[in-house]
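So the chains spell out like this:
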Amino acid sequence: MRETLTDWSAEDVRRRVLARGASDLEHDSGDHILNPDLEQLVERAAAREAAVLVPIVDRPEGASVILTTRATGLRKHSGQIAFPGGSVDPEDESVEAAALREAREEIALEERFVETLGRLPRYRTTTGFRITPVVAIVRPGFSLRPEPSEVADIFEVPLAFLMNEANHRRDSREWGGHTRSFYSISFGDRLIWGITAGILRTLYERLYRS
């Protein structure tokens, strides 16, 4: 079927989530899916719970996704492209609350513009985190501001581009004496890879793959 701009609207995302069922979005995911030999590394008892917001902006010309470039001074994943997010704190009532709090702290995204739709599967990493991505629709009218200690840049990428499988590349590199495979997506001069590309790939597989 020929796709039109309305196929990539925020409302279409909402319909797809409702048709699938929010709870059905959650299945296992993580570094070990492409790298079965890393299973023992990702399943750590001391792994920290984290949450990221997958903010899909309701643009009239077609939905887009907010992404950030992490500050170069951060201890982990510095300089990489990421969703706003971080560790789930004890005072957070839920992973949704944690994702919204982190988005507010990192990019000044106010909760009144955000409608959460559901969770993608927790993404288990070799760096000791279990990350829950929270898919959300963001209503226009917001004003973003990066927190310099955490975020170097904020930008948007069309959802249609990110959900086009032709733009998904499977790469590999040596890590810890093993060849590690991962997804990557090139957008202009930006390279989205690793955890962020893996989460976007999961969103594609749950909602858009035939």
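The model shown is predicted, which means the values in this text are computed figures rather than measured ones.

1. Digging into helix H4 (residues 95-107)
Along its 13 residues, H4 runs 18 Å from first to last C-alpha, staying within 8% of the 18 Å computed at 1.5 Å per residue. Judged by how many residues are buried, H4 sits mostly within the fold: 10 of 13 residues are covered. Here H4 has its buried residues at Val 95, Glu 96, Ala 98, Ala 99, Leu 100, Arg 101, Glu 102, Ala 103, Glu 106 and Ile 107. Taken together, the buried residues of H4 touch strand E2 (48-57), strand E3 (64-70), strand E5 (85-87), strand E6 (114-119), strand E8 (129-138) and strand E9 (151-158).

2. A look at unusual backbone geometry
For Ala 108, which is not glycine, the phi torsion reads 65 degrees and is therefore positive. Note that Ala 108 resides in the loop between H4 and E6. Residue class for Ala 108 comes out buried when judged on its relative accessible area of 13%.

3. Structural notes on the nonpolar core
Counting residues in hydrophobic clusters, the biggest one holds 37 residues, and the most contacted among them are Val 13, Leu 159 and Met 163. Looking at this core, the elements that each hand over two or more residues are helix H1 (10-20), E2, E3, E8, E9, helix H5 (159-162), strand E11 (178-187) and helix H6 (194-207). Residue contributions to this core peak at 7 residues, all from H6. Sequence-distant contacts of Met 163, defined by excluding residues within four places in its chain, comprise Trp 8, His 168, Leu 200, Leu 203, Tyr 204 and Tyr 208. Judged by nonpolar contacts, the second largest core, of 18 residues, contains Val 57, Phe 113, Ala 136 and Val 138.

4. Some points on the packing of aromatic side chains
Using the criterion set out here, one finds 4 aromatic pairs in the structure. Seen from their ring centres, Trp 8 and Tyr 208 are 5.1 Å apart, and the 25 degrees between their planes marks the pair as stacked. Taken together, the positions of Trp 8 in the segment before H1 and Tyr 208 in the segment after H6 put the pair 200 residues apart, joining distant regions of the chain. Using a relative accessible area of 12% as the deciding quantity, one classes Trp 8 as buried. According to the relative accessible area criterion, Tyr 208 is buried, its value standing at 12%. Summarising the aromatic geometry, the rings of Phe 113 and Phe 142 are spaced 6.4 Å apart at their centres and angled 75 degrees between planes, so their arrangement reads as edge-to-face. In this pair, Phe 113 sits in the loop between H4 and E6 while Phe 142 sits in the loop between E8 and E9, placing the two residues 29 residues apart along the sequence. Like Phe 113, the residue Phe 142 is buried in the burial classification. The ring of Phe 155 has Arg 190 lying over it, and the distance from NZ or CZ to the ring centre is 3.8 Å.

What counts, and where the lines are drawn
- Residues numbered from 1 in each chain as written.
- Predicted model: local features only at pLDDT ≥ 70, side-chain atom pairs only at ≥ 80, totals over all residues.
- Heavy atoms only, no water.
- Helix = DSSP H or I, 4+ residues; strand = E, 2+ residues; numbered from the N terminus.
- Expected span 1.5 Å × (residues − 1).
- Buried < 20%, exposed > 50% of the residue type's maximum accessible area, 1.4 Å probe, protein only.
- Contact = heavy atoms within 4.5 Å.
- Core = buried A, V, L, I, M, F, W, Y, C linked by side-chain atoms within 4.5 Å.
- Phe/Tyr/Trp six-rings, centres within 6.5 Å; stacked < 30°, edge-to-face > 60°.
- Lys NZ or Arg CZ within 6 Å of the ring centre and 35° of its normal.

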